[in-house]
Amino acid sequence: MSQNKRPDGRATSQLRPISIRLGVNKNADGSCFLEWGKNTVVATVNGPRPIFPKHLADQTKAVIDYKYRMACFSVSERKSPVPGKRDKEISLVSGHALEAAVMVEQFPNTVIDVNVLILSADAGTRVAALTAASLAAADAGLPMRGLVSAVAAGRANGELILDLNKEDEDTPDAVDMATAFLMPQRELVLLQMDGCVNKKDCSKILETALKGAEVVYELQKKALVEKYPMDGEIQ
Ligand code: ADP
């Protein structure tokens, strides 16, 4: 990583500012409002509850029904409210990632509803969404092995960088790798990538992403400890 500054003034390995608020929706069992640079996300978790229709049930664990959606007004050109292929794919892989953290085996034949709405987008919305969803699950009091801390890393203008914004993402040589780690175990639970990169840079980008996820994890813990000061220490 070089010391060069990016168009928004950040160093190559610097995250955008992140702020987190828990318990923002009284109708949800758990919720989180997260601002990540110019991305704004709200995540809610409800359940577990009995699953219907019953043929969707899994006798060994709860099903996580993760819905990632972008609000019509989240980008400059109106987004259709109808979930497209991209929303469905992100929902599927994010649900799997979150499943690594939640002790779903304790709730067979049930469903846990996770809804994430992107209110404003500036690249990296899927990782912001997953970071918020993981906190909403913790806020809902679900038993968890850890938290999912997600972040993107990649390349723009020939530099390997952490946390691409829309401007970085739109550069001609852009590589955008979305990652999520189960923390504190540092287990990779989501990996998606746009762009072309050699093996060496790919490993470097992944290393950068893990360092970024560690920072995200610290912020997540801080938010939880602030809301639940009596609940002892989180690793
Ligand atoms: P992710 O990196 O998780 O895919 P993005 O924010 O890049 O999240 O993408 C969400 C969608 O919104 C994409 O279709 C992207 O092109 C679009 N988008 C994101 N930011 C902006 C923006 N500032 N202006 C216009 N469109 C945007």
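A brief look at the structure comes next. Everything quoted here is computed from the prediction, not taken from an experiment.

### Observations concerning the overall build of the chain
For the chain, the helix and strand inventory stands at 4 helices and 9 strands. Starting at the N terminus, the α and β elements of the chain follow one another as β-β-β-β-α-β-α-β-β-α-β-β-α. Its C-alpha radius of gyration of 17 Å places the chain within 12% of the 18 Å reference for a compact globule of 235 residues. On the principal axes, the C-alpha backbone points of the chain span a range of 50 × 40 × 35 Å. For the chain, with 235 residues in total, the buried portion stands at 48%. In the chain, once contacts between residues fewer than 6 apart in sequence are set aside, the share between residues at least 24 apart is 67%. Here the chain has roughly 11700 Å² of accessible surface; of this, 53% comes from carbon and sulfur atoms.

### Description of the packing of helix H1 (residues 85–99) against helix H2 (residues 125–139)
Running from N to C, H1 and H2 point in directions that differ by 40°, and their axes come no closer than 11 Å. When the interaxial angle is binned, H1 and H2 end up oblique. The way H1 lies across H2 gives a crossing that is right-handed. When H1 is examined against H2, the residues Arg 86, Glu 89, Ile 90, Ser 94, Ala 97 and Leu 98 are found in contact with a partner set consisting of Thr 125, Arg 126, Leu 130, Ala 133 and Ser 134.

### Remarks on H2
With 15 residues, H2 ought to run about 21 Å at 1.5 Å a step, and its terminal C-alpha atoms sit 21 Å apart, in line with that. Burial runs high along H2: 14 of the 15 residues are buried. Immediately beyond the C-terminal end of H2, within one or two residues, lies Gly 141, with a positive phi of roughly 80°.

### Quick word on H1
Counted at 1.5 Å a residue, the expected span for H1 with its 15 residues is 21 Å, and the 21 Å between its end C-alpha atoms agrees. Taken residue by residue, H1 has Asp 87, Ile 90, Ser 91, Ser 94, Gly 95, Ala 97 and Leu 98 as its buried positions. Looking straight down H1, one finds that the buried residues subtend no more than 160° of arc, so they occupy a single side. In H1, the exposed residues that point more than 90 degrees away from the buried face are Lys 85, Lys 88 and Leu 92. On the buried face of H1, the contacting elements are strand S4 (63–70), strand S5 (110–120), H2, strand S6 (147–156) and strand S9 (187–194).

### Here's the deal with the site of the ligand
Taken together, 14 residues surround the ligand, and among them Arg 86, Ala 123, Gly 124, Thr 125 and Arg 126 come closest. A distance of 3.4 Å separates an oxygen atom of the ligand from a polar atom in the side chain of Lys 79. Here an oxygen atom of the ligand and a side-chain polar atom of Lys 166 are 3.3 Å apart. Considering the ligand on its own, with 540 Å² of exposed area, one finds that the protein chains cover 76% of that surface.

What counts and how
Residues numbered from 1 in each chain as written. Predicted model: local features only at pLDDT ≥ 70, side-chain atom pairs only at ≥ 80, totals over all residues. Heavy atoms only, no water. Helix = DSSP H or I, 4+ residues; strand = E, 2+ residues; numbered from the N terminus. Rg over C-alpha atoms; globule rule 2.2 N^0.38 Å. Buried < 20%, exposed > 50% of the residue type's maximum accessible area, 1.4 Å probe, protein only. Contact = heavy atoms within 4.5 Å. Areas by Shrake-Rupley, 256 points an atom, 1.4 Å probe, with all protein chains shown as cover. Axes fitted to C-alpha atoms, helices over the stretch in contact; angles between N-to-C directions. Parallel < 35°, antiparallel > 145°, perpendicular 65-115°, else oblique. Left-handed = near helix turned anticlockwise from the far one by under 90°. Expected span 1.5 Å × (residues − 1). Arc of directions from axis to C-beta. Near = heavy atom within 4 Å. Polar contact = N/O pair within 3.5 Å; in protein donor to acceptor, adjacent residues only side chain to side chain.

Interpretation note: all reported values are geometric properties and have no functional meaning in isolation.
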